[in-house]
Amino acid sequence: MVILDGKKVSNDIKNEIAVEVQKIKDKGEKVPHLAAIIVGNDGASLTYVGSKVKACERVGFESTLVQMSNTTSEIELLEKIKELNENADIDGFIVQLPLPPQINEQKVLLAVNPDKDVDGFHPTNFGKMALDMSTFIPATPFGILELLDRYGVETKGKHTVVIGRSHIVGRPMSILMGRKGFPGNSTVTLTHSHTKNITQITSQADIIISALGVPNFLKAEMIKDDAVIVDVGITRVTDETRPRGYKIVGDVDFANVSKKASYITPVPGGVGPMTIAMLLKNTLLARERHNNI
Ligand code: GUN
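Quick look at the structure, then.

Calculation criteria
Residues numbered from 1 in each chain as written. Predicted model: local features only at pLDDT ≥ 70, side-chain atom pairs only at ≥ 80, totals over all residues. Heavy atoms only, no water. Helix = DSSP H or I, 4+ residues; strand = E, 2+ residues; numbered from the N terminus. Rg over C-alpha atoms; globule rule 2.2 N^0.38 Å. Contact = heavy atoms within 4.5 Å. Areas by Shrake-Rupley, 256 points an atom, 1.4 Å probe, with all protein chains shown as cover. Lys, Arg positive; Asp, Glu negative; His and termini not counted. Charge placed at Lys NZ, Arg CZ, Asp CG, Glu CD. Near = heavy atom within 4 Å. Polar contact = N/O pair within 3.5 Å; in protein donor to acceptor, adjacent residues only side chain to side chain. Nonpolar A, V, L, I, M, F, W, Y, C, P; charged D, E, K, R; others polar. Expected span 1.5 Å × (residues − 1). Pairing = 2+ DSSP bridges. Axes fitted to C-alpha atoms, helices over the stretch in contact; angles between N-to-C directions. Core = buried A, V, L, I, M, F, W, Y, C linked by side-chain atoms within 4.5 Å. Buried < 20%, exposed > 50% of the residue type's maximum accessible area, 1.4 Å probe, protein only. Patch = residues over 30% accessible without salt bridge, like charges linked within 9 Å, V, L, I, M, F, W, Y side chains within 5 Å. Salt bridge = Lys/Arg side-chain N within 4 Å of Asp/Glu carboxyl O. 1 Å grid on protein atoms, 1.4 Å probe; cavity = no way out; pocket = protein on both sides within 12 Å on 5 of 7 lines; lining within 4 Å. Points joined across faces, edges and corners; volume = space filled by probe spheres on them.

### What to know about the overall build of the chain
Scanning the chain from terminus to terminus reveals ten helices and eleven strands. Computed over the C-alpha atoms, the radius of gyration of the chain is 19 Å, within 12% of the 19 Å expected from 2.2 N^0.38 for a compact globule of 293 residues. Of all intrachain contacts in the chain linking residues separated by at least 6 positions in sequence, the fraction that spans at least 24 positions is 71%. Per element, the accessible surface of the chain, about 13,700 Å² overall, is 51% carbon and sulfur. The averaged location of the 34 negative side-chain charges in the chain is 3 Å from the averaged location of its 34 positive side-chain charges.

In structure tokens:
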């Protein structure tokens, strides 16, 4: 069994990006600038956005964090997005999800300039992805592809089962794994809450990508020998023995599933750090688009 070490690979990618940033600086050009908007004070979201900002510093990007209160109106958020769309200094930005209930997520995602949409959530970019056109691929699916690529995991002709159909992970992942190319060319089954007898499906999978958010959902009995397991789950579970009072748990029963799998991502240290690395990569791409490089 091989651990798909997202922490290591994401560090490699960040080092590669830092080299690119140095080249930009050496030419006397402006470094990439990523902004993030966070609305409200959800602990997990604040942690994720904090990690994104820290990663920008690490590779030499400029970053701007826009914190808005939990009672922010939809109009106020849309105005802030317009401001970032029009700010030529900012190459790309994200609006951290989820948003408070008074704000319509779809309206927000539509308001982001597709050329600055480094999350790849705007329908224009999502459509381009589905049509194999050059675009911003959402960071988590992009990170999973990169991890499979760098470990040389074969996806062609394999049966990939995706668990969960979220717009951020499951749905784009199912499209990307079925695309022509590498990684891709898989036969994909997208499973969700209405799927019947999921074990019958997962036990036929060569590759399982679980993005459900249910701790320890995927058990050893549900997979075949030598399956490739990608765990996208990041649920906070109370753990009084930890200084923070919680631990992060994936969708996969790692202790038992890892004994049967050929490759497996750990949680933490698997897909999570890859998401951040690929957001940086998209920001570098946004800068190139922005400057028509
Ligand atoms: N919430 C959970 N994952 C993500 C992500 O990749 N981007 C944004 N904007 N919000 C998220």
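### With respect to the site of the ligand
Within the structure, the ligand sits among K52, V95, Q96, L97, D119 and F121. Between the ligand and D119, the relevant distance is 2.6 Å, taken from a nitrogen atom to a side-chain nitrogen or oxygen of the residue. Its residues assigned to classes, the shell around the ligand comprises three nonpolar, one polar and two charged.

### Overview of helix 10 (residues 271-290)
Along an α-helix, a turn takes 3.6 residues, which lines up residues three or four apart on a common side. With 20 residues, helix 10 extends 28 Å from end C-alpha to end C-alpha; this agrees with the ideal 28 Å at 1.5 Å per step. Of the residues flanking the end of helix 10, it is N292, one or two places downstream, whose phi is positive at about 50 degrees.

### Observations regarding unusual backbone geometry
The peptide bond linking F182 to P183 adopts the cis configuration, its omega dihedral lying at -10 degrees. Positionally, P183 belongs in the loop between helix 7 (170-178) and strand 6 (187-191). With an omega dihedral of -5 degrees, the bond running from V267 to P268 counts as a cis peptide bond. Inspection of the secondary structure puts P268 in the loop between strand 11 (263-264) and helix 10. Phi angles above zero are rare outside glycine, and N197 is one such case at about 50 degrees.

### Examining the sheet that holds strand 2 (residues 33-39)
With parallel pairing, three strands are arranged side by side in an open sheet as 3-2-4. Each of the sheet's edge strands pairs with one partner strand only, and the pair in question is strand 3 (62-68) and strand 4 (92-95). Geometrically, the sheet is characterised by an average inter-axis angle of 15 degrees between neighbouring strands, direction not taken into account. Both strand 2 and strand 4 contribute to a ladder of four bridges, which runs parallel. Of the residues in strand 4, the one forming a bridge with A36 is I94. Taken strand by strand, helix 3 (residues 74-86) contacts strand 2, strand 3 and strand 4, and its axis lies near 180 degrees from that of strand 2.

### So, the nonpolar core
Counting 48 residues, the largest nonpolar core has I17, F61, I144, L148, I209 and V232 as its most contacted members. Among the elements that line this core, the one with the most residues is helix 10, at nine residues. Leaving out residues up to four positions away in the same chain, I144 has contacts with M173, I209, V230, V232 and V271. Listed in part, the 18 residues of the second largest apolar core include L77, L84, I90 and V112.

### Let's talk about the side chain of T72
Here T72 is to be found in the loop between strand 3 and helix 3. With relative accessibility at 4%, the residue T72 sits in the buried group. Separated by 2.5 Å, the side chain of T72 and the backbone oxygen of S69 make a polar contact. In this structure, T72 is in contact with V39, L77, Q102 and I103, ignoring residues within four places of it in sequence.

### Some details on a nonpolar patch on the surface
A contiguous nonpolar patch, built from M1, I3 and F254 and spanning about 260 Å² of accessible area, is present on the exposed surface. Along the chain, F254 falls in helix 9 (residues 254-260). The class of F254 is partly exposed, set by a relative accessible area of 32%.

### Things to note about empty space enclosed by the protein
Applying the stated criterion across every chain, the model contains two cavities of 30 Å³ or more. Considered as a void within the structure, the largest cavity measures approximately 60 Å³ in volume. Considering the residues around the largest cavity, the lining is formed by F93, I94, V95, L109, V112, D117, D119 and F121. Taken together, the residues that form the lining of the largest cavity break down as six nonpolar, no polar and two charged. The calculated volume of the second largest cavity comes to roughly 30 Å³. In terms of lining, the second largest cavity is formed by L34, A36, K52, V53, C56, S63, T64, I94 and L279. Breaking the lining of the second largest cavity down by element, the ones donating at least two residues are strand 2, helix 2 (43-59) and strand 3. Broken down by element, the lining of the second largest cavity gets its largest block of residues, three residues, from helix 2.

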